[in-house]
Amino acid sequence: MEEVLTDEVTPSPDGYTVLLGRFTWQGRDEKAILKMRPEQLPARDNAVTREHSHTGKGILKNGFWVSCKRQSLHRALSHLSLRVQLESGAEYGYYAGSLSPLSMAYMGIPLTYHIEVIAPASPRQIVRARVAKRVLIRESPALYRVALGPLADEVRGEGRSLQWVYNILEHKKEAERIVFEDPPDPLDSSKGFVLVPDPKWKSHPDPSRTPKEEWRHHPSTSGLACLAIVHDRSIGSLRDLRRRHLPLLQSLLAKGLAAIEAVYGVGKEEVRVFVHYVPQFFHFHVHFSRLNLAHGIEVERAHLLSDVIEKIERAPVGEEYYENASISYTVKKSEELYSRLEKAGAWAPV
């Protein structure tokens, strides 16, 4: 372990910490990110005051790493055992993790965790995970063309950052987890997406142990979160949506909701369907989540798919809404995007 990148302090099961380090099997120049979320947070620790993570002392107030010194954290990680839950075939992996009872005894921390691993982790992924001050930007179409647009093209051009997405679309990974697929059709632009459980849905039934027919009304559906990933690789984000994509968006919304009701028994009136801008990865995808889930629905980030469709429909004939609209979002000061926006004069006095 080298650094605590994030110490998220929320009085709920959403509390987590993100560590930067290196596995023994990695090269000396490679890094890994370990995101650990306890399965259940002890209520008695909710009021413990957090200390700054840079000191290497206390980390989370949620009973995660309470009054934990760096040396103790090293010892705890050496007793961490992992069981694969989902492996993307790329740099992402998801695990059920557990610490030895000895760790619990001398540190007073939970025994079991949901763990996400990124290895190797790119500099961009490390910056994204590190805590930093955020600022609000109102992105004009012109600003997009000189800042985020070129950056998105570079990220997508790297290939490796989207390999896990392509593995899903090509059924190389997660085929047993597919909730619904609308196969692509070169002659029909309204077709082409895969619906899978979001990796953030930690309590989803294990497909190898629970048959699909038992997913319906499963207790875990209280945390329902799914991703619809389109087959069309030309759509990177909200900015790339055009009027010609309306049939695809309308089909994705209707068929996605119908599939969730058929497979999980959750009605469409209980599901929020939205798109992130700026997205976490630049291949167009749509989030489906239960209304009780608050993660990722910030007003400056989430755009309801039904609203997206209506805006495209209402644009004057010959105009494309998202090509010409100004869109607000937040950006970390530590991110490369911030530097590009600053260089482009995004915050220059009017």
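What counts and how
Residues numbered from 1 in each chain as written. Predicted model: local features only at pLDDT ≥ 70, side-chain atom pairs only at ≥ 80, totals over all residues. Heavy atoms only, no water. Buried < 20%, exposed > 50% of the residue type's maximum accessible area, 1.4 Å probe, protein only. Helix = DSSP H or I, 4+ residues; strand = E, 2+ residues; numbered from the N terminus. Pairing = 2+ DSSP bridges. Phe/Tyr/Trp six-rings, centres within 6.5 Å; stacked < 30°, edge-to-face > 60°. Expected span 1.5 Å × (residues − 1). Contact = heavy atoms within 4.5 Å.

Novice: Please explain the pairing of strand β5 (residues 92–98) as it appears in this structure.
Specialist: On a regular strand, each side chain points to the face opposite its neighbour's, so the side chains alternate between the two faces of the sheet. A large share of β5 lies buried, amounting to six of its seven residues. The pairing of strand β4 (residues 81–87) with β5 spans six bridges and is classified as antiparallel. Within β5, the residue paired with L86 across the bridge is Y94. Between β4 and β5, which follow one another and run antiparallel, lie four residues, and G89 among them has a positive phi close to 85 degrees. Where β5 and strand β6 (residues 112–118) come together, seven bridges link them in antiparallel fashion. Pairing of Y94 across the sheet is with E116, part of β6.

Novice: Explain the packing of aromatic side chains to me, please; I cannot follow it from the model alone.
Specialist: Any aromatic ring pair is given by two values, namely how distant the centres are and how the planes are angled relative to each other. Taken as a whole and assessed by the stated rule, the structure comprises nine aromatic pairs. Seen in terms of ring centroids, Y277 and Y329 are 5.6 Å apart; in terms of plane orientation they differ by 75 degrees. Their pairing is edge-to-face. Taken together, the residues Y277 in the loop between β11 (271–276) and β12 (285–290) and Y329 in strand β14 (residues 327–332) connect sequence positions 52 residues apart. Residue classification places Y277 among the buried positions, given a relative accessible area of 0%. Grouped by ring-pair contacts, the aromatic residues Y92, W164 and F281 constitute a single cluster.

Novice: Explain helix α7 (residues 246–264) to me, please; I cannot follow it from the model alone.
Specialist: Given 3.6 residues per turn, any residue in an α-helix points the same way as the ones three and four places further on. The end-to-end C-alpha distance of α7 is 27 Å, a good match for the 27 Å that 19 residues give at a rise of 1.5 Å each. The complete set of buried residues in α7 reads L246, L248, L249, S251, L252, L253, G256, L257, A259, I260, V263 and Y264. Where α7 is buried, its residues touch β8 (180–182), β9 (193–197), β10 (225–230), β11, β12 and α8 (305–314). A positive backbone phi angle near 75 degrees is found at G265, which sits one or two residues after α7.

These results come straight from atomic positions and should not be treated as a statement about function.
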